[in-house]
Amino acid sequence: MLLSIVIPYHTETKVDVYSLMVSLNEQVGINFNDIEVLMCNDMEEEAPLDKENFTELTRVSPRIRHLKSPYRNNPGLSRQFGIDNCKGDYVFFCDADDSLYHVAVLRELIENINLSKSDM
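Notes on the structure in this doc start here. Being a predicted model, the structure only gives us computed values, none of them experimental. (Residues numbered from 1 in each chain as written. Predicted model: local features only at pLDDT ≥ 70, side-chain atom pairs only at ≥ 80, totals over all residues. Heavy atoms only, no water.)

## So, the overall build of the chain
Helix and strand counts for the chain stand at 3 helices and 4 strands. Helices and strands in the chain line up, N terminus first, as β-α-β-β-α-β-α. Taking as baseline every contact in the chain between residues at least 6 positions apart, the subset at least 24 positions apart corresponds to 79%. As presented, the chain carries roughly 6,500 Å² of accessible surface, and 49% of it is formed by carbon and sulfur atoms. (Helix = DSSP H or I, 4+ residues; strand = E, 2+ residues; numbered from the N terminus. Contact = heavy atoms within 4.5 Å. Areas by Shrake-Rupley, 256 points an atom, 1.4 Å probe, with all protein chains shown as cover.)

## Describing the sheet that holds strand E3 (residues 64-68)
With parallel pairing, the 4 strands of this open sheet are ordered in space as E3-E2-E1-E4. Of all strands in the sheet, those with a lone pairing partner are E3 and strand E4 (90-93), marking the two edges. In this sheet, neighbouring strand axes are inclined to one another by 25° on average, regardless of whether the strands run parallel or antiparallel. The strands touched by helix H1 (residues 14-25) within the sheet are strand E1 (3-9), strand E2 (35-41) and E3, with E1 carrying the most contacts at an inclination of about 170°. The strands touched by helix H3 (residues 105-116) within the sheet are E1, E2 and E4, with E4 carrying the most contacts at an inclination of about 150°. (Pairing = 2+ DSSP bridges. Axes fitted to C-alpha atoms, helices over the stretch in contact; angles between N-to-C directions.)

## Remarks on the nonpolar core
Inside soluble globular proteins, nonpolar side chains tend to come together where they are buried. With 24 residues, the main nonpolar core has Ile5, Ile7, Leu24, Phe92 and Leu106 as its most contacted residues. Within the residue set of this core, elements represented by two or more residues are E1, H1, E2, E4 and H3. Sequence-distant contacts of Leu106, defined by excluding residues within four places in its chain, comprise Leu3, Ile5, Leu24, Gln27, Ile30, Ile35, Phe92 and Leu100. Core analysis: the second largest hydrophobic core is formed by 6 residues, Val6, Cys40, Leu67 and Cys86 among them. (Core = buried A, V, L, I, M, F, W, Y, C linked by side-chain atoms within 4.5 Å. Buried < 20%, exposed > 50% of the residue type's maximum accessible area, 1.4 Å probe, protein only.)

## Thoughts on the environment of Ile30
As for its placement among the helices and strands, Ile30 is situated in the loop between H1 and E2. Remark: the alpha-carbon pair of Ile30 and Glu108, spanning 78 residues in sequence, is separated by 9.3 Å. Those residues in contact with Ile30 that sit more than four places away from it in its chain are Ile35, Leu106, Arg107 and Ile110.

Next comes the structure, spelled out in structure tokens:
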């Protein structure tokens, strides 16, 4: 596993994360087996996204894990919870209502990691 994408969320719905999931799906030049997506719920109760299946939206759907963060209403601590539970060598953060700005963002990120031999 090379890259973990951590996405904290609270009250967002499938409609709210649609742009992000589609932008992940449209990425080119990457091996989707090298990517995992951690959806970190920071609500006390079950959130609308907790049982969502994104199969029709993104090729990374088999690698999406839903996590229940013990930290309430705190996206920063939920990001840390995602880091603590990820399998990737590198971590990339997105908010649930974000989208990747072009189709080669992850390819360029992975290429730069590989070229620079970065350790952070």
